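Listed below are the residues making up each chain.
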Amino acid sequence: MILCANPKAQYLAYKTEIDAAIQRVLDRGRYILGEEVAGFEAEFASYIGVSHAVGVGSGTEALHVALAACQIGPGDEVITVSHTAVATVAAIEQVGATAVLVDIEPDSFTLDPEQLQTAITSRTRAVIPVHLYGQPAALDRVLEIAREHDLYVIEDCAQASGATYQGKRVGSFGDISCFSFYPTKNLGAIGDGGMVATNDPELARRARLLHEYGWAERYVSHTQGWNSRLDELQAAILRVKLPYLDRDNQKRARIADQYNDALSGCDLILPSVRKNTTHTFHLYVVRSTKRDELQAFLRDRDIGTLIHYPVPVHLQPAYQARIKGRPLPETERAAREILSLPMYPELDQSEVQNIIEAIRSF
């Protein structure tokens, strides 16, 4: 069976180093907020190109902490997309704010800036552009609109570690940015983990207070907060993987090039890459009006695929008829047509060729 994603393969690729890092943590005896977390925060901030990074418990919690650090709460509106992991919207609701969902650009699957412009009201406090599948959103226009209306820009980089926009890494453009280290991500832990990154020292200070009970010193809460800490074991594992991230992203890009070349004559819409960006291909997503038949055909040939995401947030039972929004035709059309093909650095050439031949056969 060819899996759509295979985090175990990445563990095996770096097994010796990861095992040694885990053993180092176990031997040291400090398992929460020790040297590994501090080291990884500094290394990740340097990699992204920001001054501050705060390790948290997950990508969802990174969004939660970032929103709270921006002091967004009840009565406020936050604009984002419906074509995203539900975590983006769940985090907005965790702080008591209202999510306002807008449509996507059909070629990039990311937030349509012109839709953003029309959704802003007197209650809007922030916009969350999602760099979906590893494709950077249209940041220039998003930032321009946000500055015109004095809005926070909170980048959702959960699927885009290492992506660049006009020569800079995503996560370094907005007021604050959020990353996920879920095991299947380009930079994946062996468990949950996330990061908040910013160049703003005050936002960084608030995020650090919020992620551990509001403590400025141990056992003394200076503000309300909660427990959302990246643990030492996950930080140690991520420190092993971070130096290899660009190389692994390049492997993803080469696989994407193979798919592009071999499938260009098929009745599929292949991924586009925004000009002056690098796409990390966290996912390689094609579109087909015969998506369900294609998925079944590949399943019968032991080729795993997934749909990211089959039900837009505004149509999910928990949110339908409740969340504020407008018609989202591009989002709904994408949900009917998208299919994620196998994509990870450890895919070997024979597997890539099997996938290509099966799709061409279909």
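Here the structure is a predicted model, which is why all the values come from computation and not from measurement. (Residues numbered from 1 in each chain as written. Predicted model: local features only at pLDDT ≥ 70, side-chain atom pairs only at ≥ 80, totals over all residues. Heavy atoms only, no water.)

## Some points on the overall build of the protein chain
Cut-off, in case you're wondering: The helix count covers DSSP runs of H or I at least four residues long, the strand count covers runs of E at least two residues long, and both are numbered beginning at the N terminus. Here the radius of gyration uses the C-alpha set of atoms, whereas the globule reference equals 2.2 Å times the residue count to the power 0.38. Only protein chains enter the calculation, and the probe is 1.4 Å; a residue is then buried if its accessible area is under 20% of its type maximum, exposed if over 50%, and partly exposed in between. What makes two residues a contact is simply this: any of their non-hydrogen atoms within 4.5 Å. Reported accessibility uses the Shrake-Rupley method at a 1.4 Å probe radius. Residues are deemed covered only where the shown protein chains occlude them. The convention is simple: Lys and Arg are positive, Asp and Glu are negative, and His and the chain ends are not counted. By convention, the charge on Lys lies at NZ, on Arg at CZ, on Asp at CG and on Glu at CD.
The helix and strand inventory of the protein chain stands at 13 helices and 14 strands. The C-alpha radius of gyration computed for the protein chain amounts to 20 Å, which stays within 12% of the reference 21 Å derived for 362 residues, consistent with globular compactness. Each principal axis of the C-alpha atoms in the protein chain carries an extent, and together these give about 65 × 55 × 40 Å. By residue count, 57% of the 362 residues in the protein chain fall in the buried class. Nonlocal contacts in the protein chain, meaning residues at least 24 apart in sequence, comprise 72% of its contacts between residues at least 6 apart. Entry remark: accessible area of the protein chain is about 14,800 Å², with carbon and sulfur atoms responsible for 49%. Positive and negative side-chain charges of the protein chain, numbering 36 and 46 respectively, have mean locations separated by a distance of 1 Å.

## Quick word on the nonpolar core
Note the threshold: Working definition of a nonpolar core: buried Ala, Val, Leu, Ile, Met, Phe, Trp, Tyr and Cys residues. They are joined through side-chain atoms within 4.5 Å.
Core analysis: the biggest nonpolar cluster contains 109 residues, and F40, I154 and Y259 have the highest contact counts within it. With seven residues, helix 4 (residues 59-69) is the single largest residue contributor to this core. The residues contacting Y259, other than those within four sequence positions of it, are S264, Y284, L341, P342, M343, L347, V352, I355 and I356. Residues Y14, A21, A236 and V240 belong to the second largest nonpolar core, which totals seven residues.

## Quick notes on the pattern of salt bridges
Our working definition: For salt bridges, the criterion is a side-chain nitrogen of Lys or Arg within 4 Å of an Asp or Glu carboxyl oxygen.
Scanning the entire structure with this criterion turns up 21 salt bridges. Its salt-bridge partner being R125, residue D76 comes within 3.0 Å of it at the nearest N-O pair. Note that D76 is positioned in the loop between helix 4 and strand 2 (77-81) and R125 in strand 4 (residues 124-127), a separation of 49 residues in sequence. When its relative accessible area of 13% is taken as the criterion, D76 is described as buried. Accessibility expressed as a relative area gives 26% for R125, which makes it partly exposed. Across the pair R287 and E337 runs a salt bridge, and its minimum N-O distance is 3.1 Å. Of this pair, R287 sits in strand 13 (residues 284-287) while E337 sits in helix 12 (residues 329-337), and the two are 50 residues apart along the sequence.

## Looking at helix 11 (residues 291-299)
One turn of the α-helix equals 3.6 residues, which is why residues spaced by three or four share an orientation. Keep this limit in mind: Along the arc lie the directions from the helix axis toward the C-beta atoms.
Taken together, the buried positions of helix 11 are occupied by R291, L294, Q295, F297 and L298. The arc enclosing the buried residues of helix 11, seen along the axis, measures out at 160°, which places them on a common side.

## Quick notes on empty space enclosed by the protein
Convention followed: Grid points spaced at 1 Å and placed over the protein atoms alone form the basis of the search, with a cavity being a set where a 1.4 Å probe fits but cannot get out and a pocket an open set showing protein on both sides within 12 Å along at least five of seven lines. Lining residues have an atom within 4 Å of a point. Grid points are joined across faces, edges and corners, and a volume is the space filled by probe spheres set on the points. Charged means Asp, Glu, Lys or Arg here, nonpolar means Ala, Val, Leu, Ile, Met, Phe, Trp, Tyr, Cys or Pro, and polar covers whatever is left, Gly included.
Applying the stated rule across the entire model yields one cavity of 30 Å³ or more. Roughly 50 Å³ of volume is contained in the largest cavity. Lining of the largest cavity is provided by D107, S108, F109, L132, Y133, Q135, P271, S272, H279, L283 and V285. For the lining of the largest cavity, a count of residues per class yields six nonpolar, four polar and one charged.

## A look at the packing of aromatic side chains
This is how the line gets drawn: Pairing of aromatic rings covers Phe, Tyr and Trp, the last through its six-membered ring, and needs centres within 6.5 Å; plane angles under 30 degrees mean stacked, over 60 mean edge-to-face, and all others mean tilted. We call a charge positioned above a ring when the Lys NZ or Arg CZ atom is no farther than 6 Å from the ring centre and deviates by at most 35 degrees from the ring normal.
With the rule as written, the count across this model stands at 13 aromatic pairs. With 5.0 Å between their ring centres and 50° between their planes, Y213 and W215 make a pair best called tilted. On the basis of relative accessibility, which here comes to 16%, the residue W215 falls in the buried class. Ring pairing ties together the aromatic residues F40, F44, Y47, F179 and F181, which thus form one cluster. Over the aromatic face of F297 sits the side chain of R301, whose NZ or CZ is 3.5 Å from the ring centroid.

## Concerning the environment of T305
Let me state the cut-off plainly: Any pair of nitrogen or oxygen atoms within 3.5 Å is treated as a polar contact; in protein, a donor-acceptor pairing is required on top of that, and neighbouring residues in sequence qualify only through side-chain atoms on both sides.
Relative to the helices and strands, T305 is located in the loop between helix 11 and helix 12. Residues T305 and E105, spaced 200 residues apart in sequence, show a C-alpha to C-alpha distance of 23 Å. T305 has contacts with C4, Q295, L298, L339, S340, L341 and P342, leaving out every residue within four places of it along the chain. Among the polar contacts made by the side chain of T305, one reaches the side chain of Q295 at a distance of 3.2 Å.

## Let's talk about the sheet that holds strand 2
Which entries qualify depends on this criterion: Pairing between two strands is assigned when DSSP locates at least 2 bridges connecting them. Between the N-to-C directions of two axes lies an angle of 0 to 180 degrees, each axis being a line fitted to C-alpha atoms and, for a helix, fitted only over the stretch in contact.
Pairing is mixed in the open sheet, where seven strands are placed in the order 1-9-8-5-4-2-3. Strand pairing shows two members of the sheet lacking a second neighbour, strand 1 (52-56) and strand 3 (98-102), which therefore form its edges. Taking the axes of each pair of neighbouring strands and ignoring which way they run, one obtains an average angle of 25° across the sheet. In terms of strand pairing, strand 2 meets strand 3 through five bridges, oriented parallel. Each bridged residue has a counterpart across the sheet, and for V81 the counterpart in strand 3 is V102. Across the sheet, helix 4 lies against strand 1, strand 2, strand 5 (152-156), strand 8 (176-180) and strand 9 (194-198), angled at about 165° from strand 8, the strand it touches most. The strands that helix 7 (residues 139-148) touches are strand 4 and strand 5; relative to strand 5, the one it contacts most, it runs at about 150°.

## Some points on a nonpolar patch on the surface
Going by this rule: Only residues whose relative accessible area exceeds 30% and that take part in no salt bridge are eligible for patches, with like-charged residues grouped when within 9 Å of each other and nonpolar side chains (Val, Leu, Ile, Met, Phe, Trp, Tyr) grouped when within 5 Å.
Among the surface-exposed residues, L26, Y31 and I32 lie close enough to one another that they form a single nonpolar patch of about 260 Å² accessible area. Relative to the helices and strands, I32 is located in the loop between helix 2 (15-28) and helix 3 (35-48).

## Quick look at helix 2
Where we set the bar: By this rule, a helix spans an expected 1.5 Å times one less than how many residues it contains.
Compared with an ideal rise of 1.5 Å per residue, which puts 14 residues at 20 Å, helix 2 spans 20 Å between its outermost C-alpha atoms and is within 8% of the ideal. Considering only its buried residues, helix 2 is in contact with helix 1 (7-13), helix 3 and helix 9 (232-241). The positive-phi residue at the C-terminal boundary of helix 2 is G29, with phi of around 85°.

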